[in-house]
Amino acid sequence: MAAINFGYTISKPRAIDIDRNNLRKSDEILHEMPELQACIGCGSCTAVCTAGNLTSFNFRKVHTLVRRGEYEGAYEEMNKCMLCGKCRLVCPRGINTRGVAMLIKRKLGDF
Amino acid sequence: MKRVIVIGGGVAGMQTALRLADDGCDPLILEKEGELGGKLRDWYVLFPTFTPASEVLAELKGRVIRRGIEVRTSAEVAAFTPHSVTLAGGETLACDAVVVATGFTLFDARIKEEYGYGIYDNVVTSADLERMFAEGRVAKSDGSRPRRIAFLHCVGSRDEKVCQSHCSRVCCITGVKQAMEMKRLFPEADVFNFYMDIRMFGPGYEEMYREAQQRCNIHFVRGRISEASPTIDGRIQIKAEDTLTGRPLKMSVDMLVLLVGMRANDSNARFAAQSGVERSPSGFLAPKSLFLDGVRSTAEGIFYAGTVTAPKSVGECVCEGYAAADAAAEYVKER
């Protein structure tokens, strides 16, 4: 029997809950590329991003979410990256951002 | 010889007195506590080199003693004019000029009640943590090792809600330094720093910040903690916005360290009213000019050194000691 739709929904909590999130993949990513931790959130990568100019892709936001253990949708988001490498040219902390995009895709591909 | 009274025997006051002696004046340090050293006595190691504070203090105190500079401890100043200083006991001392080096007051973290300082266990201030480092026993209140530690920047700084709109400057780098020390003591622990801005203004500070991020694996979250509350298992739950992802964030921690700011001494208001010097809106005493007269007050014969005019680092206070002494010496010679 189909469930009756009463017109009510339950909103899932939006908060990032570090106690519940499994940080294993995040730790693995940071272990392989510790330089990602040097990010200061300036947004230069996102400002020059070719894909971000045409889609909602936000590299800074996606890798920050991954670091907090929020993996859902991250692989699909990273697939919007065209690997042009402009972000790497502008990063003031010298992070190999294109390498980060590849690494996140590799680690989260089986998600 | 011209007598110059230095009010306050912290790093700025001691260096001022040393330089006054070099300049051919007769300095007298008035220190309200039982010994010289000021706030530095409560600090363990100094950023960005992890140099023991006791090393710096012992050297400076040694110079004051070897130079034979007159010091009066437990001498609280009630009032002063350019040519006399009255102690709390009523005694009045004559002089030719006064250098005010009375420093700052640490912000009382209990005022930010939402963080639970003095209410929940394991909420400590940066000053408490320095004391714990110095005593060699950093642990949770039950003696166990913390597994997750959070630092909160800007407690009592840049916050109109507690009438402290100014930036205390040195807490950012102190937060980075203390996070690194905690990581060294507890390598297995996760350390999170919650910040609004990270202001690494000094030489070597930015490099230290990067080392904390990249080598020490300390997590920096841009967002101010809104509240702390106890969990059923005796931990502390904190909430903030992770502003770089635009999502609320929560976690429980074993220790919450509040990086308390520097606020102006209450005595500044009294001094300003009695001596005709001016105060800035932050409550710190206002120098005659921020550019060419940073150690001069708006009144003749009264000079400033150190954090009485604004939050400063140890090195900056020592430099101001030289400058204030030279300005005072020049003034008394022309009198």
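It should be emphasised that the depicted structure is a prediction, and the values quoted were computed from it without experimental measurement. Numbering of residues starts from 1 in each chain and follows the order in which that chain's sequence is written. Chain letters start at A and ligand numbers start at 1, both assigned in the order the entries are written. Predicted model: local features are reported for residues with pLDDT of at least 70 only, side-chain atom pairs are reported and counted for 80 or more only, and whole-chain, interface and lining totals are derived from all residues.

**Remarks on the overall build of chain B**
Applied cut-off: In DSSP terms, a helix is any run of H or I states spanning at least four residues, a strand is any run of E spanning at least two, and both are numbered starting from the N terminus. C-alpha atoms define the radius of gyration in this analysis, and the globule rule sets the expected value at 2.2 Å times the number of residues to the power 0.38. Counting other C-beta atoms within 10 Å of its own, a residue is labelled buried from 20 upward, exposed at 12 or fewer, and partly exposed in the gap between, with every C-beta atom placed from the backbone. Any residue pair is listed as a contact if its two C-beta atoms, each placed from the backbone, are within 7 Å.
Along chain B, the regular secondary structure elements total 7 helices and 20 strands. Relative to the globule expectation of 20 Å for 335 residues, the C-alpha radius of gyration of chain B, 21 Å, shows essentially globular dimensions. Looking at chain B as a whole, 47% of its 335 residues qualify as buried. Pairs at least 24 apart in sequence give 64% of the contacts found in chain B among residues at least 6 apart.

**Topic: the interface of chain B and chain A**
Selection criterion: By the convention adopted, Pro, Cys, Tyr, Trp, Phe, Met, Ile, Leu, Val and Ala count as nonpolar, Lys, Arg, Asp and Glu as charged, and the other residues, Gly among them, as polar. Strand pairing follows a simple DSSP-based rule, namely that at least 2 bridges must link the two strands.
With 14 residues of chain B at the contact, the number on the chain A side is 17 residues. Where the side of chain B that touches chain A is concerned, the elements lending two or more residues are helix H5 (205-214) and strand E17 (247-253) of chain B. Partitioned by chemical class, the residues of the side of chain B that touches chain A number 4 nonpolar, 5 polar and 5 charged. The pairing of strand E1 (residues 16-17) of chain A with E17(B) spans 2 bridges and is parallel. Among the inter-strand pairings, A:Ile16 is bridged to a residue of E17(B), identified as B:Leu249.

**Observations concerning unusual backbone geometry**
Residues and elements named next belong to chain B. Between phenylalanine 47 and the following residue, proline 48, the backbone shows a cis peptide bond with an omega angle of -10°. The residue proline 48 is located in the loop between strand E3 (45-46) and strand E4 (51-52) in this model. Within the chain, asparagine 122 stands out as a residue other than glycine whose phi angle is a positive 70°. With respect to the secondary-structure elements, asparagine 122 resides in the loop between strand E10 (105-106) and strand E11 (123-125). With phi around 65°, arginine 169 is a residue other than glycine that occupies positive phi space. Tracing the sequence through the fold places arginine 169 in the loop between strand E12 (148-155) and helix H4 (170-185).

**As for the domain arrangement of chain B**
All names here are of chain B. Defined as follows: Throughout the structure description, domain borders are defined by an automatic or database domain assignment.
Once the domains are mapped, chain B shows domain 1 (3-104 + 264-333) and domain 2 (109-262). Just the C-alpha atoms count here: the centres of domain 1 and domain 2 sit 31 Å apart. Grouping the amino acids of the side of domain 1 that touches domain 2 by side-chain chemistry returns 6 nonpolar, 3 polar and 1 charged.

**Some words on the packing of helix H1 (residues 11-22) of chain B against helix H7 (residues 314-334) of chain B**
Residues and elements named next belong to chain B. Under the convention used in this document: In this analysis an axis means a line fitted to C-alpha atoms, helices contributing only their contacting stretch, and an angle means the value between N-to-C directions, from 0 to 180 degrees. Relative orientations are named as follows: roughly parallel for angles under 35 degrees, roughly antiparallel for angles over 145 degrees, roughly perpendicular for angles from 65 to 115 degrees, and oblique for any other angle. Left-handed describes a crossing whose near helix is turned anticlockwise from the far helix by less than a right angle; the clockwise case is right-handed.
Between H1 and H7, the shortest axis-to-axis distance is 7 Å and the interhelical angle comes to 40°. Regarding the angle of H1 to H7, the classification is oblique. As H1 packs across H7, the resulting crossing turns out to be right-handed. Here Val11, Ala12, Gln15, Thr16, Arg19 and Leu20 of H1 come into contact with H7, specifically with Val314, Cys317, Val318, Glu320, Gly321, Tyr322, Ala324, Ala325, Asp326, Ala328 and Ala329. Looking at the contact of H1 with H7, its residues break down into 11 nonpolar, 3 polar and 3 charged.

**Regarding the sheet that holds E17(B)**
With respect to topology, 4 strands assemble into an open sheet ordered E1(A)-E17(B)-E16(B)-E15(B), the strand pairing being mixed. Both outer strands of the open sheet, E1 of chain A together with strand E15 (227-230) of chain B, are each paired with one neighbouring strand and no more.

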